[in-house]
Amino acid sequence: MGAVAAPSDKRFRRAHVKPARRRKLAWRPVWVGVRAAALLALCAYGAWRGAALVLEAPALTVSRVVVSGHERLSRGEVLALVDGLQGRNILTVRLDEWRERVLASAWVADATLRRVLPATVEVVIRERTPLGIGRLGDRLYLVDAAGVIVDEYGPNYADLDLPIIDGLDARPSAGQTRVDEHRAALAARLLASLETKPALADRVSQIDVSEARDAVVILEGDGARLRLGDADFVDRLEGYLALAPALRERVADIDYVDLRFDERLYVRPRGKADK
């Protein structure tokens, strides 16, 4: 029997493939990261130091405060309200906080503070306009149209030609004198309506707004109380002045004239009690 050749089994042979070489890992020197960190730190310090130098620069220190818009308040009084502003850095000072100090004055209705580089702050104020002299209790005060008590009336305000307003008292709060806003608004509407009639406005001597819907007026040189209601103030006053001579002929001493009813008026002699 002839020899039989056995088939070769490759499983038992070593593969003739060269093993792949291991790739060497790329390596960045540690000093590269250290250098970057140092550079960032240096930049940060430079920025901080530069900002500090700018903020400490004498040229950016507030050295001048300019005041405008004031009439009753003197420049010195306004500067006293912002005492301490000079010497602050103009870039970092919080002007809104200083504005609140200016608004603390009852005379100031509004205020605007502006930076003017390099070292000036402008203070522009709008003062309140007194509506009249409010009689509150046994004292007199300047009161504006919003019912804000501006100041106590005294000789320093003798140049103000304003009517006396009664009936403004509101219920006291914690012992403080207060003005009723609705009654102040009634007086304000009355006086605003007279702005187109300066001669008539000048004759208004006293106003009583004790009743919130009935303004009572006393004219200069005429002792009668004129009840005008809450509308048509000018027409009713002019109507009364046109009829006043005839009324005086019939009633020499008039207590009040009720002008609230446009079709007719009611006259009460002084000393006659209401029924």
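In short, a report on the structure. (Residues numbered from 1 in each chain as written. Predicted model: local features only at pLDDT ≥ 70, side-chain atom pairs only at ≥ 80, totals over all residues. Heavy atoms only, no water.)

## Observations concerning the overall build of the protein chain
In terms of regular secondary structure, the protein chain is built from 6 helices and 12 strands. Within the span of the protein chain, comprising 275 residues, buried residues form 31% of the whole. For the protein chain, restricting intrachain contacts to residue pairs at least 6 apart in sequence, the fraction spanning at least 24 positions comes to 46%. Here the protein chain has roughly 18800 Å² of accessible surface; of this, 53% comes from carbon and sulfur atoms. (Helix = DSSP H or I, 4+ residues; strand = E, 2+ residues; numbered from the N terminus. Buried < 20%, exposed > 50% of the residue type's maximum accessible area, 1.4 Å probe, protein only. Contact = heavy atoms within 4.5 Å. Areas by Shrake-Rupley, 256 points an atom, 1.4 Å probe, with all protein chains shown as cover.)

## A closer look at the sheet that holds strand 1 (residues 64–68)
Spatial ordering of the open sheet is given by 1-3-2, a layout of 3 strands whose pairing is mixed. Both edges of this open sheet fall to strand 1 and strand 2 (108–116), since each of them pairs with a single strand only. Averaged over all pairs of adjacent strands, the angle between their axes in this sheet comes to 20°, without regard to strand direction. Sheet topology note: the strand 2/strand 3 (residues 120–127) ladder contains 8 bridges and is antiparallel. Looking across to strand 3, one finds that R115 is bridged to V121. Against the sheet, helix 3 (residues 95–103) touches strand 2 and strand 3, its axis set at about 150° to strand 2. (Pairing = 2+ DSSP bridges. Axes fitted to C-alpha atoms, helices over the stretch in contact; angles between N-to-C directions.)

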